[in-house]
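In case you want the letters, here they are:
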Amino acid sequence: AFHVSSLYSPWVPWTRVVAEFLGSRDSLTGQMDFSNNWLGEPFEEQLAKVEANLFVQKAQRGSPRGIAPTWAKFILAAADTGGDHAWFTVRAWGAGMRSRLLDWGKVYSLDELYQRTLATRFQVEGDSRPPQGVDLLVVDSGGTRTVDDGSRTDEVYRFSMRDPRIAPIRGNLIAAQKSGKPINSRRITYRPPGGQPPYDVVLNLLDVNYYKDVLAARLRERVEGEDADLWQEASTIDEEYCRQMVAEHRVVIREGRRLKAQWQPLSKGLPNHFWDCSVYQCAAAEMIRVDMLASFAAPVERAVREENTKPRVQEKKPLTAPGGKPFLASRR
């Protein structure tokens, strides 16, 4: 099979192609049909894209790494897991959904993730109060298999039993569509592989497309009444961080006969872990109800309703995970 533009056809005059083009401009469906059927090209309408220069400017206005601002009320951490590692970010959050990056990086075990997040306390600007710890860590429970051919989901769920401040998350658009809420927390019975006994865990299902829209909006907003970014970065963010933060764009795609907007990587296989962590940060802020701190009107619409409170936490368990071997106990 092949496809070719109608511009090459000796049986189709260009005047007709021009007429079809002019008639399609006022309709997204028409634009897509013209691109597919007349030009023989795939259609991609870009609705939103984050520019790399934005983060260069934010870094120039940024603060030192690891120093929490005086306005910080919560410190939240988010992790995106992979086959033998996890990427993470730690951000301070204050009234009006103001946020600042404190730490970020790549770790090779959940123990190391725990040490870089929940076991760390961050100095506050001017030493105005004692160092502040992390209030909530959200971890993508994914579904990727580990290098030891184990289950990443099982390891993250067991990891969450170590500390009530750990909340497993997973993207699930269907749950959001059914409930009308971007976050759905539910207790599930998980049956691990290998014939191990089932156990209960609280899983938080996220509408990640919604939170990507929220993040994209916040990246460009300013704090009301102040000359400051709403979403602030550290002054020392590196090239890898910036590259991952601009790895996706929002485009229009066709699903059957319907058109829908969806966030997709700019190119296949492009790393986007820090972008995902930032998306999870926005969800974590809703889960812990940062919006209740608002002292000024935040510029981004919050769709999480009053009953969607922070996730239910389990009773604190011993640090030793029940059963199974530990997640990558040593760095590879």
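Up top is the structure.
Below is a short write-up of the structure. (Residues numbered from 1 in each chain as written. Predicted model: local features only at pLDDT ≥ 70, side-chain atom pairs only at ≥ 80, totals over all residues. Heavy atoms only, no water.)

Quick look at a nonpolar patch on the surface
Residues V4, L7, Y8 and W14 make up a contiguous nonpolar surface patch of about 490 Å² in total accessible area. Structurally, the position occupied by Y8 is in the segment before α1 (14–24). According to the relative accessible area criterion, Y8 is exposed, its value standing at 68%. (Patch = residues over 30% accessible without salt bridge, like charges linked within 9 Å, V, L, I, M, F, W, Y side chains within 5 Å. Areas by Shrake-Rupley, 256 points an atom, 1.4 Å probe, with all protein chains shown as cover. Salt bridge = Lys/Arg side-chain N within 4 Å of Asp/Glu carboxyl O. Helix = DSSP H or I, 4+ residues; strand = E, 2+ residues; numbered from the N terminus. Buried < 20%, exposed > 50% of the residue type's maximum accessible area, 1.4 Å probe, protein only.)

As for the pattern of salt bridges
Summed over all chains, the structure comprises 18 salt bridges. Across the pair D229 and R222 runs a salt bridge whose closest N-O atoms are separated by 2.4 Å. Under the relative-accessibility criterion, D229 is labelled buried at 7%. Its relative accessible area of 33% is what places R222 among the partly exposed residues. Taken together, the shared-partner salt bridges in this structure form one network comprising K58, R61, R222, D227 and D229.

Topic: the sheet that holds strand β2 (residues 67–68)
Spatially, the three strands line up as an open sheet ordered β2-β6-β7, and their pairing is mixed. Unpaired on one side and paired on the other, β2 and β7 (132–133) mark the two borders of the sheet. (Pairing = 2+ DSSP bridges.)

Quick look at the packing of helix α7 (residues 208–218) against helix α9 (residues 273–287)
At a minimum axis distance of 9 Å, the contact between α7 and α9 shows a crossing angle of 95°. Comparing their axes, α9 and α7 come out roughly perpendicular. Residues V208, Y211, K212, V214, L215 and R218 of α7 form the contact with α9, whose own contacting residues are W275, D276, S278, V279, Y280, C282, A283 and E286. Partitioned by chemical class, the residues of the contact of α7 with α9 number nine nonpolar, one polar and four charged. (Axes fitted to C-alpha atoms, helices over the stretch in contact; angles between N-to-C directions. Parallel < 35°, antiparallel > 145°, perpendicular 65-115°, else oblique. Contact = heavy atoms within 4.5 Å. Nonpolar A, V, L, I, M, F, W, Y, C, P; charged D, E, K, R; others polar.)

Focus on α7
Count 3.6 residues to each turn of an α-helix, and residues three or four apart come out pointing the same way. Across the eleven residues that make up α7, a large majority, eight, are buried. Buried residues belonging to α7 abut β4 (86–94), β10 (183–190), β12 (231–232), β13 (248–255), β14 (258–265) and α9.

As for the side chain of Q281
Mapped onto the secondary structure, Q281 falls in helix α9. What makes Q281 buried here is its relative accessible area of 0%. A polar side-chain atom of Q281 sits 3.1 Å from the main-chain carbonyl oxygen of L76. Those residues in contact with Q281 that sit more than four places away from it in its chain are L76, A77, A78, T89, V90, R91, W93 and W231. (Polar contact = N/O pair within 3.5 Å; in protein donor to acceptor, adjacent residues only side chain to side chain.)

Here we look at the environment of L7
The residue L7 is located in the segment before α1 in this model. Exposure remark for L7: the relative accessible area of 36% places this residue in the partly exposed category. Once the C-alpha coordinates of L7 and L39 are considered, the two residues, 32 residues apart in sequence, prove to be 7.2 Å apart. Not counting the four nearest positions on each side in its chain, L7 is found in contact with W14, V17, W38 and L39.

Details of the pairing of β14
In terms of strand pairing, β13 meets β14 through eight bridges, oriented antiparallel. Each bridged residue has a counterpart across the sheet, and for I253 the counterpart in β14 is K260. Where β13 folds back on β14, the antiparallel hairpin that results is connected by two residues, among which G256 adopts a positive phi of roughly 65°.

Concerning the nonpolar core
Judged by nonpolar contacts, the single largest core of 44 residues is most densely connected at F55, L76, V138 and I237. Per-element accounting of this core gives the leading share, ten residues, to α9. Those residues in contact with V138 that lie beyond four places of it in its chain are A77, A78, A79, A167, I169, Y280, A284 and M287. (Core = buried A, V, L, I, M, F, W, Y, C linked by side-chain atoms within 4.5 Å.)

Some words on the sheet that holds β10
Spatial ordering of the open sheet is given by β10-β11-β9-β8-β3-β4-β5-β12, a layout of eight strands whose pairing is mixed. At either margin of the open sheet sits one strand with a lone partner, and together these are β10 and β12. With three bridges joining them, strand β9 (residues 166–171) and strand β11 (residues 199–206) adopt parallel strand pairing. Residue pairing for β11: G171 is matched across the bridge by L206. Sheet strands touched by helix α5 (residues 152–160): β3 (74–81), β8 (136–140), β9, β10 and β11. Its angle to β9, the strand with the most contacts, is close to 150°.

What about unusual backbone geometry?
The phi dihedral of D127 is positive, around 50°, even though this residue is not glycine. With respect to the helices and strands, D127 occurs in the loop between β6 (121–124) and β7. Since its relative accessible area comes to 56%, D127 is described here as exposed. Of note, R289 is a non-glycine position whose phi angle comes to about 65°, a positive value. Take R289: it is sitting in the segment after α9. The exposure class of R289 is buried, given its relative accessible area of 11%.

Some words on α5
Along α5, nine of the nine residues are buried, which leaves the element largely enclosed by surrounding structure. Restricting attention to buried positions, one finds in α5 the residues R152, T153, D154, E155, V156, Y157, R158, F159 and S160. Next to the buried residues of α5 lie β3, α4 (110–116), β8, β9, β10 and β11. For α5, the capping residue at the N-terminal end is S151, with a side-chain oxygen 3.4 Å from the backbone nitrogen of T153.

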